[in-house]
Amino acid sequence: MSGQIRPHNERPAAVWSSGGRAYEEVSRQIASAIDHAAYRLAAVPGETILDLATGTGWGSRIVARQGATVTGADIAADLLATASARAKAEGLNINYQIGDAEALPFADANFDGVISTFGVMFASNQEAAAGELARVCRPGGRVVLATWTTDGAVAQMFQVMRAYMPPPPNPAPSSPFTWGARERVTALLGQAFDIRFEEGTAIYFGRSANEAWEAFVTGYGPTKMLAASLDVERRAALERDFIAFHAAYATDLGIAVPRKYLITHGTRRAE
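Here is what the cut-offs are and how they apply
- Residues numbered from 1 in each chain as written.
- Predicted model: local features only at pLDDT ≥ 70, side-chain atom pairs only at ≥ 80, totals over all residues.
- Heavy atoms only, no water.
- Pairing = 2+ DSSP bridges.
- Helix = DSSP H or I, 4+ residues; strand = E, 2+ residues; numbered from the N terminus.
- Right-handed = clockwise from strand over helix to strand, strands pointing away.
- Core = buried A, V, L, I, M, F, W, Y, C linked by side-chain atoms within 4.5 Å.
- Buried < 20%, exposed > 50% of the residue type's maximum accessible area, 1.4 Å probe, protein only.
- Contact = heavy atoms within 4.5 Å.
- Phe/Tyr/Trp six-rings, centres within 6.5 Å; stacked < 30°, edge-to-face > 60°.
- Salt bridge = Lys/Arg side-chain N within 4 Å of Asp/Glu carboxyl O.
- Axes fitted to C-alpha atoms, helices over the stretch in contact; angles between N-to-C directions.
- Parallel < 35°, antiparallel > 145°, perpendicular 65-115°, else oblique.
- Left-handed = near helix turned anticlockwise from the far one by under 90°.
- Nonpolar A, V, L, I, M, F, W, Y, C, P; charged D, E, K, R; others polar.

## Overview of the pairing of strand S3 (residues 95-98)
Right, so step 1: The sheet contact formed by strand S2 (residues 69-74) and S3 spans 4 bridges and is parallel. Along S3, the bridge assignment pairs Ala73 with Gln97.
Right, so step 2: Running through helix H5 (residues 77-89), the crossover from S2 to the neighbouring parallel element S3 is right-handed.

So, in structure tokens, the structure goes:
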């Protein structure tokens, strides 16, 4: 796996990597949104596609099944290991490698298309990541992003966790959820891409709110690492609040949490 991670992204890399194979369950719960993004990308055989912040490779496998030549890049080595194993098990030839969204190890105009599903939005430096999306996408190529909205359930879930996180630096970095606002995405990508938008909702299904806690504290790096950083009392309080949040979406069968997202489709302009 080639590519280097910028020093300020080494800790985020460890956080996301901590989910390991269990992160695949998190991906399964957003499979409909990943399908949505891949459908809008509309890759065809012979195209070269980058799945940026691929995680355990769910999106990259969908695009590879469409016949494209796919590269999956991520800062999380343990997630990439799972992605590689799953692709091999399915007989898919996908190149997985370490790749920092802020400094990608690819040549200019290297890809016919770039897709990122709830991945690039978590890059530390949004402007740098946006610049790299434009740099590696050929003129006439496409970028398709799926990003959580600023007012959706995932942003609200992070608000629950934020109460247990250390105070942010001053000035605080931009929230990753601003990638779910059309105005912010246009500011980041509008100079390089002709952009169109579409909204969607992915439903998180669970047998109970407690099951949701176990899934996230086991497989979702930000939740897992946050819980591990707390003393016993505060960890118990986080667990209580996390479960209560999901319990608000109780149904007769368990829980069903509607999580709004934004699809961005951009066509790369010629220089």
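## Considerations on the nonpolar core
Right, so step 1: If you look at the biggest cluster of nonpolar residues, it comprises 87 residues, and the most contacted ones within it are Leu50, Leu52, Val114, Trp179, Leu189 and Tyr220.
Right, so step 2: The leading source of residues in this core is helix H7 (residues 153-162), at 7 residues.
Right, so step 3: The contact partners of Trp179, leaving out residues within four places of it in the chain, are Val120, Met121, Gln126, Ala130, Leu133, Leu145, Thr147, Val185, Leu188, Leu189 and Leu262.

## Some words on the packing of aromatic side chains
Right, so step 1: As enumerated under the stated definition, the model contains 15 aromatic pairs in all.
Right, so step 2: With a centroid separation of 5.1 Å and 85 degrees between ring planes, the pair formed by Phe106 and Phe111 is classed as edge-to-face. Both residues of the pair, Phe106 and Phe111, belong to the buried class.
Right, so step 3: Geometrically, the ring pair formed by Phe118 and Trp148 is stacked, given 3.9 Å between the ring centres and 20 degrees between the ring planes. Linking Phe118 in the loop between strand S4 (111-117) and helix H6 (126-136) with Trp148 in strand S5 (residues 137-148), this pair joins segments that are 30 residues apart in sequence.

## Examining the pattern of salt bridges
Right, so step 1: All chains considered together, the criterion is met by 18 salt bridges.
Right, so step 2: Salt-bridge contacts for Glu198 lead to Arg40; the nearest nitrogen and oxygen are separated by 2.9 Å. Placement of the pair is Glu198 in strand S6 (residues 193-206) and Arg40 in helix H3 (residues 31-41), with a sequence separation of 158 residues.
Right, so step 3: When its relative accessible area of 36% is taken as the criterion, Arg40 is described as partly exposed.
Right, so step 4: The shortest N-O distance in the salt bridge between Asp112 and Arg138 comes to 2.5 Å. A residue pair is termed long-range when its members are at least 10 positions apart, and Asp112 in strand S4 and Arg138 in strand S5 qualify at 26 residues.
Right, so step 5: Among the residues examined, Arg138 registers a relative accessible area of 27% and is labelled partly exposed.

## Here we look at unusual backbone geometry
A negative phi holds for most residues other than glycine; trans holds for most peptide bonds.
Right, so step 1: For the bond from Asn170 to Pro171, the omega torsion is 5 degrees, close enough to zero to count as cis.
Right, so step 2: Here Pro171 is to be found in the loop between H7 and helix H8 (182-189).
Right, so step 3: The phi angle at Ala53 is positive, at roughly 60 degrees, despite the residue not being glycine.
Right, so step 4: Position of Ala53 relative to the elements: it lies in the loop between strand S1 (48-52) and helix H4 (58-65).
Right, so step 5: We classify Ala53 as partly exposed; its relative accessible area is 23%.

## Structural notes on the environment of Ser175
Right, so step 1: If you trace the backbone, Ser175 turns up in the loop between H7 and H8.
Right, so step 2: Taking relative accessible area as the criterion, Ser175 reaches 30% and is therefore assigned partly exposed.
Right, so step 3: For the pair Ser175 and Phe122, spaced 53 residues apart in sequence, the C-alpha separation works out to 8.4 Å.

## With respect to the packing of helix H9 (residues 209-219) against helix H11 (residues 232-247)
Right, so step 1: Here H9 crosses H11 at 125 degrees, and the two axes come no closer than 8 Å. Of the possible angle classes, the one that applies to H9 and H11 is oblique. Here the hand of the crossing between H9 and H11 comes out right-handed. For the pair formed by H9 and H11, the contact residues are Ala209, Asn210, Ala212, Trp213, Phe216 and Val217 on the first element and Arg235, Leu238, Glu239, Phe242, Ile243, His246 and Ala247 on the second.
Right, so step 2: Of the residues belonging to the contact of H9 with H11, the class tally is 9 nonpolar, 2 polar and 2 charged.

## Observations regarding the sheet that holds S5
Right, so step 1: What the 7 strands build is an open sheet, ordered S3-S2-S1-S4-S5-S7-S6; its pairing is mixed. Both outer strands of the open sheet, S3 and S6, are each paired with one neighbouring strand and no more. On average, adjacent strands in this sheet sit at an angle of 20 degrees to one another, irrespective of strand direction.
Right, so step 2: As judged from the 6 bridges shared by S4 and S5, these two strands associate in the parallel manner. Across the sheet, the residue bridging to Ser116 is Leu145, located in S5.

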